[in-house]
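Letter by letter, the chains look like this.
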Amino acid sequence: MAARTGNEVGNEDRRQAVPCVISIGTYLPCWGSTRRRVLGDDEDAVTLAVQAGRSAVEAGEPVERVVLVSRDLPLMDSSNAAVLLAGLGLDPELEVIERLGGAPAALDALSSARPRTLVIGVDTDPAGAAAAYVGDRGGTQIRTAARVTRSLPARTRNAVGAVHDYGDPRLLRERGLVASLSAAWVDTPVAVAGVDEKQAAGLCRGEPPRLPTLGASAGLFALTSMAEWGAPGLLVGVEQANLSGISVTPGPVAVRRVEPSARPLPEGECLPAADLPISLAAYDRAFEAKVRWEAGRHAGSDELDFPPRYRLAADGTLSTGYTLVPLPRTGTVHTTTTVRIPVPGLKTPYSLVLVELDEVGVRALARVTGADPGAVGIGDRGRMVLRRVAVRAGVPDYGYAFEPETEAS
Amino acid sequence: MRRVAVVGAGMTPFAEHFALGIKDLLPMAFADCAASVDKGFPIADLEAAWFGAMGTTDGFPAGVLADALGLPELPVTHIENSCATGNDAVRNALYAIASGAVDVALVIGADKLRETAQRDLLGEWESFNRDKAWDVQLGMFAPAGFALHVNRYLHESGAGREHLAMVAVKNHRHGARNPKARLRFEITMEQALSAPVVADPFGVYDCVPQSDGAAALILAAEEVAGRYTDRPVWVRGVGLGLDSVMYQHKRDMTTFPATVRAARRAFDMAGLRPADIDVAEVHDYFTGIELMSYEDLGFADRFEGRKLLETGATSVGGALPVNPSGGLKSKGHPPGATGVAQCVELFEQLRGHAADQVDGARIGLAHNLGGPTAVAAVTILEGPGR
């Protein structure tokens, strides 16, 4: 059996510092059930990654590279990276690695991460994202314990998304999880990510953490729980017959979970319609301000223009020299409406708001997210969050939506 | 500036004219207009035309008009100023005549919304109006945009949905008597208030019916008006006003600054005050716009527009009847034609032979708002006898 043992991997490990996770952010959409979260209509793997990633580095931790692990990236051609960096508020010069994989791939990304790397795992069904930031020192230490790569394609998805399921869960369990675990010669794990709760419980020492997802984010969710519990030991990530194990030595980690309670996705109607066209010229001009949530400010002026624009002085001279400055992400609903007639191409009903952003004299027009249509009223508080507002002629059109504050948040 | 008269006015019914194209509606409206000219109107007297159309049905609008009228030598200017197109066409023709450049001009407006499938109407007609990168993908259709204004207005003014319903009931009552209106039936308050919601606070009866139609006016300089009629209607004032296009930039949602600006210019030019108006055609694209516009046009103090409805002042028979034609609400709203058709109604009102006549009406005001809410045009007309 072509398995590499933990010892061999361990030799590689010694050549670099042991990655230490000092902060973690998680995100679960509010939709679905407690057991199975589903994407909102305006969410995809990138918006989930941004939510989790922003939580992980909320304190301003310096990020030098981002690894995004998922099997559900929205774009195969073109790039998800620019939106990811803009949404995270990171420098567009940073390296972004879009890594295709499940729970083992995310744990591999973490155990091989250099300091100042943000590793984000994302899944869309069940939906959830978790991001771990590897700092310079301290925190929870991650060491590779095992890696097994075997082929057991019990479920396949090809380049255009066609899925084929072999239809034999017992085979998958026996010749996947169990066979690879035995080939890896590892201790009894504290947590197993990538398989359902019942299978995980049967393999773990004590009760394993309950994980909301099954793919790339699952191992990071498990790490989050181990860090919170201060539980040392082995964390195994599995995907079919592939397995990666890391040994976790807990230390102080700032954990920021954004995991609102689950509720059913509102029902709605979506009539078919011609594709909403997109102007890529307009998309390109708006991108920085729109996805980074920034306004223009001209030299010598305190006024913010949103969207940014050229200005004319009283004597007719042109000013093109504005700089982009971040806008507040919190605000108050100035007015709102809920569209209830079926609008072809849009899921209705939906709510729109004009939001007065805090203390800058700037308003934003946005759709409401994370709340049932019609639930928001004038005066309600909330925050602006990155969402995939539309898909236009095959292009995901990202922008900000208004998420009302709930009692829980 | 020379004084300018309206010597003829006419229109097609507003309807879903599936069987008629824009090239049919244009000569129909012109013929109805020419027939209203007391001493007759030789078509060759036209020196220029201003054609208001928001869409470009069947191609280049100015040429389509000249072709449809059989007047290839007529210089035609196409006016497109969103829903304010009609009254802006009047304004431009007035300037040409008042300046002395032209003696007799045609103002005609037409649009053909129902060339588009009902399913595609919102997408096709609304996508002109929104920023391509920032707004169009949000689903900010006209009902939603106006609803953002009206909800804030209701929040601050203390008016309620019942006041919107009063506008709908009133304008349906007026429109039921207008043979050219699309929706010729009355409704009750209960029907208005219990109708399915389009975008709150608007129910179905707070919204206009999508319609086709055309309307025409013949304008003439004072010096030549007597050739056509001894009872001209005078154009006393015109005004155009604008406001920010993006909702993000509108600071006070409880007023339409475009209307305030247009009305101020029109009243200044006319040397008149809001209290001088006897009858008005106000842009009730949604019922709440009529309510808010009472204040912007100076008919009511701020946040007191609802009192005009509560007292019946704006019904025919009241002190200041508004939309005796039924308004956009009942008559229909082919945008290019709408403002022109308002002036057709006022022409008839001020000459004393309207379908739903306002007793003794001497001065009338027509008002459009569009863009959405970024442009307004106001025209003030005075009846003969001055």
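The rules behind these values
Throughout this document, residue positions are counted from 1 along each chain, in the order its sequence is written. To label them, take the chains in the order written and letter them from A, then take the ligands in the order written and number them from 1. Two thresholds apply to this predicted model, a pLDDT of at least 70 for residue-level local features and 80 or more for giving and counting side-chain atom pairs, whereas whole-chain, interface and lining totals are computed over all residues. Helix and strand assignments come from DSSP, with helices taken as H or I runs of at least 4 residues and strands as E runs of at least 2, each series counted from the N terminus. C-alpha atoms define the radius of gyration in this analysis, and the globule rule sets the expected value at 2.2 Å times the number of residues to the power 0.38. Residues are called buried when their C-beta atom has 20 or more other C-beta atoms within 10 Å, exposed when it has 12 or fewer, and partly exposed otherwise; all C-beta atoms are positioned from the backbone. Residue pairs are scored as contacts if the distance between their C-beta atoms, which are placed from the backbone, is within 7 Å. Lines are fitted to the C-alpha atoms to define the axes, a helix being fitted only along its stretch in contact, and any angle between axes, read from their N-to-C directions, falls within 0 to 180 degrees. Angles are sorted into four bins: roughly parallel if under 35 degrees, roughly antiparallel if over 145, roughly perpendicular if 65 to 115, and oblique for all others. If you view the pair so one helix is near and one far, a crossing is left-handed when the near helix is turned anticlockwise from the far one by less than a right angle, and right-handed when it is turned clockwise. Only Asp, Glu, Lys and Arg are considered charged in this grouping, and only Ala, Val, Leu, Ile, Met, Phe, Trp, Tyr, Cys and Pro are considered nonpolar; every other residue, Gly among them, is considered polar. Any two strands with at least two DSSP bridges between them are considered paired. An automatic or database domain assignment is the source of the domain bounds shown.

### Side note on the overall build of chain B
If you tally the helices and strands in chain B, you get 13 helices and 11 strands. In terms of overall size, chain B behaves like a compact globule, its C-alpha atoms giving a radius of gyration of 19 Å where 386 residues would be expected to give roughly 21 Å. Looking at chain B as a whole, 63% of its 386 residues qualify as buried. A separation threshold of at least 6 residues defines the contact pool for chain B, and within that pool the share at least 24 residues apart is 79%.

### What about the packing of helix H5 (residues 142-157) of chain B against helix H10 (residues 287-296) of chain B?
Residue and element names in this part refer to chain B. Orientation of H5 relative to H10, taken along the N-to-C sense of each, is 55°, at an axis distance of 10 Å. Put simply, H5 runs oblique to H10. The two elements H5 and H10 cross, and the hand of that crossing is left-handed. Across the interface between the two elements, Phe146, His149, Val150 and Tyr153 of H5 pack against Gly288, Ile289 and Met292 of H10. Residue composition of the contact of H5 with H10, by class: 5 nonpolar, 2 polar and no charged.

### Structural notes on the pairing of strand S21 (residues 381-392) of chain A
Residue and element names in this part refer to chain A. Sheet topology note: the strand S18 (residues 330-339)/S21 ladder contains 3 bridges and is antiparallel. Bridged to Thr332 within S21 is Arg381. Pairing of S21 with strand S22 (residues 395-404) involves 10 bridges; the strand directions are antiparallel. Note on S22: the bridge partner recorded for Arg383 is Glu403. Hairpin connection between S21 and S22: a loop of 2 residues separates the two successive antiparallel strands, and Ala393 in this loop has a positive phi of roughly 50°.

### Some thoughts on the domain arrangement of chain A
Residues and elements named next belong to chain A. Along its sequence, chain A is organised into domain 1 (3-258) and domain 2 (280-294 + 327-404). In this structure, domain 1 and domain 2 have C-alpha centres spaced 30 Å apart. Taken together, the contact pairs 14 residues of domain 1 with 14 residues of domain 2. Of all the elements in the fold, those that place two or more residues in the side of domain 1 that touches domain 2 are helix H2 (45-56) and helix H3 (81-88). The residue makeup of the side of domain 1 that touches domain 2, split by class, is 5 nonpolar, 5 polar and 4 charged.

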